[in-house]
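Residue-level structure breakdown
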Amino acid sequence: MAVTSAADRVLDYDEAVAKFDPVMGLEVHVELHTATKMFCGCPTTFGAEPNSQVCPVCLGLPGALPVVNEKAVESAVRIGLALNCEIAEWCRFARKNYFYPDMPKNFQTSQYDEPIAFNGYLDVEVEDGSGGTEIFRVEIERAHMEEDTGKSLHVGGSTGRIHGAEYSLVDYNRAGIPLIEIVTKPIVGAGERAPEVAKAYVSALRDLLRALDVSDVKMEQGSMRCDANVSLRVRAGDDPRGDAQLAVPFGTRTETKNVNSLRSVERAVRYEMSRQAAILDEGGTILQETRHWHEDTGMTTSGRVKSDADDYRYFPEPDLVPVAPTRETVDELRGTLPEPPGLRRKRLQSEWGFSDLEMRDVVNARAVELIEETVAAGAGAAAAKKWWLGEPSRRANAEGQDLVSYAAGLGFAPAHVAELDRLVTSGRLNDSMARQVLDGVLAGEGTPTEVADARGLELVQDDSALEAAVDRVIDANPDIAEKIRGGKVQAAGALIGQVMKEMKGQADAGKVRALILARLS
Amino acid sequence: MNTDLTRASAAELADALASKSISSVEVTQAHLDRIAAVDGQVHAYLHVDAEGALATARAIDERRAAGESLPTLAGVPIAVKDVMTTKGLPTTCGSRMLEGWIPPYDATVVRHIKAAGMPILGKTNMDEFAMGSSTEHSAYGPSRNPWDLERIPGGSGGGSSAVIASFQAPLATGTDTGGSIRQPAAVTGTVGTKPTYGGVSRYGLVALASSLDQAGPCARTVLDTALLHEVMGGHDPLDSTSIDAPVPPVVEAARRADVAGMRIGVVKELGGEGYQPGVRARFDEAVALLVERGAEVVEVSCPNFDYALAAYYLILPSEASSNLAKFDAMRYGMRVLPEGIDAPTAEQVMAATRDAGFGDEVKRRIILGTYALSSGYYDAYYGSAQKVRTLIAQDFARAYEKVDVLVSPTAPTTAFKLGDKLDDPMAMYLNDIATIPANLAGVPGMSVPSGVADEDGLPTGIQILAPATKDERLYSVGAALEQALLERWGAPILSRAPELGADLVKGA
Ligand SMILES: [Zn+2]
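Residues numbered from 1 in each chain as written. Chains lettered and ligands numbered in written order. Predicted model: local features only at pLDDT ≥ 70, side-chain atom pairs only at ≥ 80, totals over all residues. Heavy atoms only, no water.

**A word on the environment of Gly-150 of chain A**
One can find Gly-150 of chain A in the loop between strand 6 (133-147) and strand 7 (151-155). Taking relative accessible area as the criterion, Gly-150 of chain A reaches 0% and is therefore assigned buried. (Helix = DSSP H or I, 4+ residues; strand = E, 2+ residues; numbered from the N terminus. Buried < 20%, exposed > 50% of the residue type's maximum accessible area, 1.4 Å probe, protein only.)

**So, the UniProt feature "active site" (unreviewed entry) in chain B**
Residues and elements named next belong to chain B. According to UniProt, the positions carrying the feature "active site" (unreviewed entry) are Lys-81, Ser-156 and Ser-180. Across 100 residues in sequence, these annotated residues keep their C-alpha atoms within 11.0 Å of one another, forming a single compact spot. By secondary structure assignment, the location of Lys-81 is in strand 2 (residues 78-81). For Lys-81, a relative accessible area of 0% puts it in the buried group. One polar contact links Ser-180 to Ser-156, side chain to side chain, over a distance of 2.9 Å. (UniProt positions renumbered as here; feature names shortened; annotations may be inferred. Polar contact = N/O pair within 3.5 Å; in protein donor to acceptor, adjacent residues only side chain to side chain.)

**Considering the packing of aromatic side chains**
In this structure the tally under the stated criterion is 21 aromatic pairs over all chains. With a centroid separation of 5.3 Å and an interplanar angle of 35 degrees, the aromatic rings of Tyr-378 of chain B and Tyr-382 of chain B are classed as tilted. Since its relative accessible area comes to 22%, Tyr-378 of chain B is described here as partly exposed. Taken together, the aromatic side chains of Trp-101, Phe-129, Phe-327, Tyr-332 and Phe-358 of chain B make up a single cluster linked through ring pairs. Note that Lys-386 of chain A overlies the ring of Trp-387 of chain A, its terminal NZ or CZ placed 4.7 Å from the centroid. (Phe/Tyr/Trp six-rings, centres within 6.5 Å; stacked < 30°, edge-to-face > 60°. Lys NZ or Arg CZ within 6 Å of the ring centre and 35° of its normal.)

**Comments concerning the coordination of the zinc ion**
All names here are of chain A. Here the zinc ion is held by the protein donor atoms Cys-40 (SG), Cys-42 (SG), Cys-55 (SG) and Cys-58 (SG), which lie 2.3 to 2.4 Å from it. Its four donor atoms give the zinc ion angles of 101 to 116 degrees at the centre, a pattern that matches the tetrahedral case. Each donor residue of the zinc ion belongs to the same chain, and together they define the spacing C-x1-C-x12-C-x2-C. Of the two residues, Cys-42 is situated in the loop between strand 1 (20-31) and helix 2 (70-82) and Cys-55 in the loop between strand 1 and helix 2; the sequence distance between them amounts to 13 residues. Cys-55 carries the same exposure label as Cys-42, and that label is buried. (Donors = N, O, S within 2.8 Å, 3.2 Å for Na, K, Ca; no water. Tetrahedral: all angles 85-135°; square planar, octahedral: opposite > 155°, others 65-115°.)

**Observations regarding the sheet that holds strand 3 (residues 94-97) of chain A**
Pairing between the strands of a sheet comes from backbone hydrogen bonds, and it takes one of two forms, parallel or antiparallel. Read across the open sheet, the three strands follow the order 4-3-14 (chain A); overall the sheet is antiparallel. Where the open sheet ends on each side, the last strands, each with one partner, are strand 4 (107-110) and strand 14 (315-316) of chain A. With two bridges joining them, strand 3 of chain A and strand 14 of chain A adopt antiparallel strand pairing. Counted as the bridge partner of Ala-94 of chain A is Pro-316 of chain A from strand 14 of chain A. Most of the contacts of helix 10 (residues 308-323) of chain B go to strand 3 of chain A, to which it runs at about 60 degrees, and overall it touches strand 3, strand 4 and strand 14 of chain A. (Pairing = 2+ DSSP bridges. Contact = heavy atoms within 4.5 Å. Axes fitted to C-alpha atoms, helices over the stretch in contact; angles between N-to-C directions.)

**Overview of helix 2 of chain A**
All names here are of chain A. Here helix 2 spans 18 Å end to end across 13 residues, near enough to the 18 Å set by a 1.5 Å rise per residue. Those residues of helix 2 that fall on the buried side of the exposure criterion are Ala-72, Val-73, Ser-75, Ala-76, Val-77, Arg-78, Ile-79, Gly-80, Leu-81 and Ala-82. Capping of helix 2 at its N-terminal end is provided by Asn-69; its side-chain oxygen lies 2.9 Å from the backbone amide nitrogen of Lys-71. (Expected span 1.5 Å × (residues − 1).)

**Focus: the sheet that holds strand 12 (residues 289-294) of chain A**
All names here are of chain A. Spatial ordering of the open sheet is given by 2-5-6-9-1-10-11-12-13, a layout of nine strands whose pairing is mixed. With one partner strand each, in any of the chains shown, strand 2 (86-87) and strand 13 (299-305) form the two edges of the open sheet. Of the pairings in the sheet, the one linking strand 1 to strand 10 (residues 224-234) comprises eleven bridges and is antiparallel in character. When the bridges of strand 10 are listed, Glu-27 appears paired with Asp-227. Sheet strands in contact with helix 2 are strand 2, strand 5 (117-127), strand 6 and strand 9 (178-184), and its direction is about 20 degrees off that of strand 9.

**Description of the side chain of Thr-188 of chain B**
Residue and element names in this part refer to chain B. Structurally, Thr-188 is set in helix 6 (residues 182-188). Owing to a relative accessible area of 0%, Thr-188 belongs among the buried residues under this scheme. Within polar-contact distance, the side chain of Thr-188 engages the backbone oxygen of Pro-184 at 2.7 Å. Among the polar contacts listed, one links the side chain of Thr-188 to the side chain of Thr-190, at a separation of 2.9 Å. Other than its neighbours up to four places away in sequence, Thr-188 contacts Asn-145, Trp-147, Pro-153, Ser-161, Ala-165, Pro-459 and Leu-494.

**Topic: the packing of helix 7 (residues 222-232) of chain B against helix 16 (residues 471-489) of chain B**
Residues and elements named next belong to chain B. Two elements in contact, helix 7 and helix 16, have axes whose closest approach is 9 Å; the angle formed by their N-to-C orientations is 160 degrees. Classified by the interaxial angle, the pair formed by helix 7 and helix 16 is roughly antiparallel. Touching Val-222, Thr-225, Ala-226 and His-229 of helix 7 are Asp-471, Tyr-475, Gly-478, Ala-479 and Glu-482, all from helix 16. A breakdown of the residues in the contact of helix 7 with helix 16 according to their chemical character gives four nonpolar, three polar and two charged. (Parallel < 35°, antiparallel > 145°, perpendicular 65-115°, else oblique. Nonpolar A, V, L, I, M, F, W, Y, C, P; charged D, E, K, R; others polar.)

**Concerning the interface of chain A and chain B**
Taken together, the contact pairs 32 residues of chain A with 38 residues of chain B. Here chain A meets chain B over a buried area of about 2700 Å², counting both sides, of which 60% is carbon and sulfur. Viewed at the interface, chain B and chain A are joined by one salt bridge. In this structure, Asp-319 of chain A engages Arg-202 of chain B in a salt bridge whose closest nitrogen and oxygen atoms are separated by 3.0 Å. (Buried area = accessible area lost by both parts, 1.4 Å probe. Salt bridge = Lys/Arg side-chain N within 4 Å of Asp/Glu carboxyl O.)

Dropping the structure here:
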């Protein structure tokens, strides 16, 4: 029975990592966005009316049989290749047998000891502790294909889980959606940076899968889900990657289920380390169990105790024939792989001339693709960054959306930013006018040119009005004019401000300065 | 042709229908009348669909009258084993678990039957989820052997064999996981074929053991069996294990009935100890007849067949334990609430339903299979059984280097009495000893009547086995033997079966 009442004792994180060394294993489930399900022709659209995307096969009706979705196998191979894995020449599906109402057949068609991809790695970037970054290699044990289960909604009761619920509703739309489960080898040597490594790994994996265009990778919608296995062992020596530390056997692990945001991955690992450290510090033992992560409290609570009774009685799926991708097919698929996100980022950074810090801001704002497209549409990289990371980014944050979906929702496109930039570089708009135009575009008033036209925003090109204004301001400020004449050029700033005011901002400050200095030389 | 339409063969009916000398409605009605007259005694049907069958018959008659060219068996009625899903018709698999369930879709085989224009008379009885050799494990009571109503009609497809043998349908479908088509054919004096694994789609067959199950035809003559085989078979993209090739030329082979020059191997391991004298005598005579017809006969040894039964009773329960897990009261079929529990959990409802819904034999095999797949036992049981399976396939391969087909008695005994083996599962299992190797290796097999045993006057069968995808060889040999026996007997074997009717009711 779940214990959810009292909060567990936790050890201060610094103390925890001073005494113990963490070992992690991360299991990530990714829903592929193939048009149809893993073993039948039903559509996979998210958010459809419950039980509207089902058929005899994915409902597990008596007599129905599965047929493998070739597209899903292709995606699995591409994911394997992108994770630097070996691809099986021959592998089978297996049945994982257990009873649960959201599993139509009471077995999940999965892969057991013959995964489609195995023995790979993913290099992720983490901070090196002195302001820079370094590469941490996460080794991949396997990536295998399986089908998703249905989704249960437990009504009544306080936990939202099946225990204590009055009744449960099951939606089988999700049943049979292709999943790839990616399992790391034990991640050792991360030491106190373990939570950061976990987050960086899931983040890098998400970028990779997005670049492969195989999944929506929306953690909040469950199309990417992470289970974090964490255990602690006693610290030995100062170096978490030292021989002394590596020689210490692993401790008992817990598996924290369904950690559904990047931030939560980091928090959940950190919490679990502190919780386990407190137990071990008191001489206690860790229970091998699954735990549930609670986003609101930032804690994990005990789930099901794992025991020898957990026997899934795997055996090869007799309703399916083995999957045997030819080496030619694998090579062909290798040719379709995109540039690895890490390398691509490095290339763009150097093309754009951004500092590490600038590039990190861009990545964190999810603006890499937007800037790339804006530059392709003719804007300078610095300007593209300035505009995207400014107002649009601020507003997206305020709305709790990511920049890409926020901009897409408004119909605000890289072409708009490039156009805005052109209006500035061509001298039609100054910076403050451009900001007003941007406001208009974001308000849906039209393209930058349309907004500038409608609002009558244009730098004055006829110098007579400007010259008259300069003369008026000089006449009105004889003291300052005198100082400038005497060589105090910096005093011109006060006059420039007044001229700009007279011109209602529609003048180029550089030009004003030049005119003032010319009059007073 | 016989004036009693129920005595005619499917081929004769097809010819008469094609020449419009009879209508499908007449043929169908004749069979419905026969069902009404005798099925009270035989109990071969679980469900009769008179209305649906007549509607199909009328539609076919109209299409024929309109000059449409129709498939060979159009208008010839058929009975369907209750393990195949039929859209809108109950499909129980002989189990309480599925009582009242109406499938929303047709099995591919049923789709083929409908496309062939064949009226479906009803669904035939079977051992629960096809587990058994007698139909005594049907939750709806056993079917009876038309030769002797106190005896079993074989199983699991005893309903189909009894329907055929009692002239309640000219054709029926069966499924054969370890002999469920062939053994019932043997003990009722009818013909039945288990095609090559993958030759007939399994889509819509409620699975017993996926790697062993194969649907096939049941009939009274070898030609009729071939005609139905042709309708049922063929590639199905909905079944991943379906063979992507045309149906072997079975009808042509049945019509030619030619064994001249064929090499026939008698399997040494199938036919010695444990085989009833009458079964062996008829088998030896049948082999001699094939020699007379020009076949060459040699003895062949398949030493690993001795382990077939043991391997089979690990693989079948293992797969069945997983296949039958879906019957959990959550989505369809029976739902039983546990007694004495106010607000039962889903698990408790599953357990109570499975306890009430499954019969003893099903539970026995689920428990066996669950155990065999358990971690720590998997290698010793399931793993070893798969190795035996490979060895048996190798025995077949070696044998087929020397011969074109193999033969053996189909079943070691004639039909036993109802209740005789019900309490002795091992004795029941041994009934399938000769038929199981074909399922383990995926090769095709057929049972053809070889006569009646002197000691009890009950039918005996001979089994013919061919290499995978060479199903036509079964029909060459089967038809040649059938012809030779018919010449010797002067009348079909079923003419020797007692007439069913009121006078056969016990005590009348
Ligand atoms: Zn489906």
